[in-house]
Amino acid sequence: MRVLIAEDHDATAAIIARTLRADGFDVDTTADGADLLAVCGAGEYDLLVLDRRLAGSDGLELCRELRAARCWVPVLIVSGMRGTTDVVHGLEAGADDYLGKPFAVEELRARVRAVLRRRGGAPAQPATSAEQPFCLDADTQRFLHADGEVALSQREFALLAALVQSGGRVLSRTELLRDVWQLDEANRKLVDVYVGYLRRKLKVVGDLVTIEPIRGVGYRLRTRQPEVRGQVGGTRS
């Protein structure tokens, strides 16, 4: 599914994009209101994540223009204007949901899935095949493989998903803490503890998945053609 993020704050756009790409979405970003109207009007996207304040554009007015043009792409407004009146104005402009900044990554994920579910566009359930020997089912926090399944805790699931999404790149403990727990490097031992939990649970799949320690750096996943679909997320401590 394709998502357009309309956000002129580069750091915020990067966080949202990284989060949704980890969940299997095809993501583009823009800070241009005219571009937004053109591509959404052409039906190129399944979801629009829209800031209220774009450079030279009013997000609410853009939303109204889309609806006036009978463009029904689901819209999730993400804005620092988070008062009750602000939320009401956003919904009245035609948005499907409204999320205030700052936001927790897991709430962003939940709201994206809720909007798509209401519009009948929730991502398909994952499945295994000869070409894709395992996948991660975020709805049930399970690791699915040809011979069965492994139940994971939310943190274990988020950690494994981060390693899968790295594409074989070594991830430092600092990176994993930031992406999975939103913690700083002072808590690096936490990563080792949860890697231990994962290794014990994944012994049942043999060499299908191997979490390889890289001395003095972090961890790398060795696997065969992984697939991740659905909602991937860590929790904030």
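Refer to the structure above for everything that follows.
Residues numbered from 1 in each chain as written. Predicted model: local features only at pLDDT ≥ 70, side-chain atom pairs only at ≥ 80, totals over all residues. Heavy atoms only, no water.

Visitor: Can you explain the packing of aromatic side chains? Please cite residues and give values.
Guide: Within this structure, the stated rule accounts for one aromatic pair. Look at Tyr194 and Tyr197: their rings are 5.1 Å apart centre to centre, the planes differ by 75°, and that puts the pair in the edge-to-face class. Here Tyr194 and its partner Tyr197 are both found in helix 8 (residues 189-202), three residues apart, which amounts to about one turn of the helix. Residue class for Tyr197 comes out partly exposed when judged on its relative accessible area of 33%. Geometry around Tyr45 places Arg2 over its ring, the cationic atom sitting 4.5 Å from the centre. (Phe/Tyr/Trp six-rings, centres within 6.5 Å; stacked < 30°, edge-to-face > 60°. Helix = DSSP H or I, 4+ residues; strand = E, 2+ residues; numbered from the N terminus. Buried < 20%, exposed > 50% of the residue type's maximum accessible area, 1.4 Å probe, protein only. Lys NZ or Arg CZ within 6 Å of the ring centre and 35° of its normal.)

Visitor: Any details on the pattern of salt bridges? Residues and values, ideally.
Guide: A full pass over the atoms with the stated rule returns 15 salt bridges. In this structure, Arg109 and Asp23 form a salt bridge, with 3.2 Å as the shortest nitrogen-oxygen distance. Within this pair, whereas Arg109 is found in helix 5 (residues 105-118), its partner Asp23 is found in the loop between helix 1 (10-22) and strand 2 (26-30), the two being separated by 86 residues in sequence. The class for Arg109 is buried, based on a relative accessible area of 7%. Of the charged contacts in the structure, one is a salt bridge between Glu61 and Arg64, with a shortest N-O distance of 3.5 Å. Placement of both Glu61 and Arg64 in helix 3 (residues 59-68) is noted, with a separation of three residues, approximately one turn of the helix. A residue is classified by how much of its surface remains accessible, and Glu61, at 36% relative accessible area, is partly exposed. Several salt bridges converge on common partners, so that one network encompasses Arg2, Asp26 and Asp28. (Salt bridge = Lys/Arg side-chain N within 4 Å of Asp/Glu carboxyl O.)

Visitor: Provide a residue-level description of helix 6 (residues 154-165), including the pertinent values.
Guide: Helix length check: helix 6, at 12 residues, gives a terminal C-alpha distance of 16 Å against a target of 16 Å (1.5 Å per residue), a fit within 8%. Counting buried positions over the 12 residues of helix 6 gives 10, a clear majority of the element. Regarding helix 6, the residues found buried are Arg155, Glu156, Phe157, Ala158, Leu159, Leu160, Ala161, Ala162, Leu163 and Val164. Directly beyond the C-terminal end of helix 6, a positive phi value near 65° is found at Gly167. (Expected span 1.5 Å × (residues − 1).)

Visitor: Let's hear about the packing of helix 1 against helix 5: which residues, and what values?
Guide: Relative to each other, helix 1 and helix 5 sit at 60°, their axes nearing to 11 Å. Judged by the angle between their axes, helix 1 and helix 5 are oblique. For the element pair helix 1 and helix 5, the recorded crossing hand is right-handed. On helix 5, the residues that touch Ile16, Thr19, Leu20 and Ala22 of helix 1 are Val105, Leu108, Arg109 and Val112. Looking at the contact of helix 1 with helix 5 residue by residue, the class counts come to six nonpolar, one polar and one charged. (Axes fitted to C-alpha atoms, helices over the stretch in contact; angles between N-to-C directions. Parallel < 35°, antiparallel > 145°, perpendicular 65-115°, else oblique. Left-handed = near helix turned anticlockwise from the far one by under 90°. Contact = heavy atoms within 4.5 Å. Nonpolar A, V, L, I, M, F, W, Y, C, P; charged D, E, K, R; others polar.)

Visitor: Which residues make up the nonpolar core, and what are the values?
Guide: Ranked by size, the top nonpolar core spans 29 residues in total, and within it Phe143, Leu159, Leu160, Leu163, Leu176 and Val209 carry the most contacts. Counting only elements with at least two residues in this core, the list comes to strand 8 (134-137), helix 6, helix 7 (173-181), helix 8, strand 12 (209-214) and strand 13 (218-223). Per-element tally for this core: the top contributor is helix 6, with eight residues. The residues touching Leu163, leaving out its near neighbours within four places in the chain, are Leu171, Leu176, Ile211, Tyr219 and Leu221. Membership of the second largest hydrophobic core comes to 20 residues, among which are Leu4, Leu54, Leu66 and Val75. (Core = buried A, V, L, I, M, F, W, Y, C linked by side-chain atoms within 4.5 Å.)

Worth remembering: the numbers are spatial, not functional.
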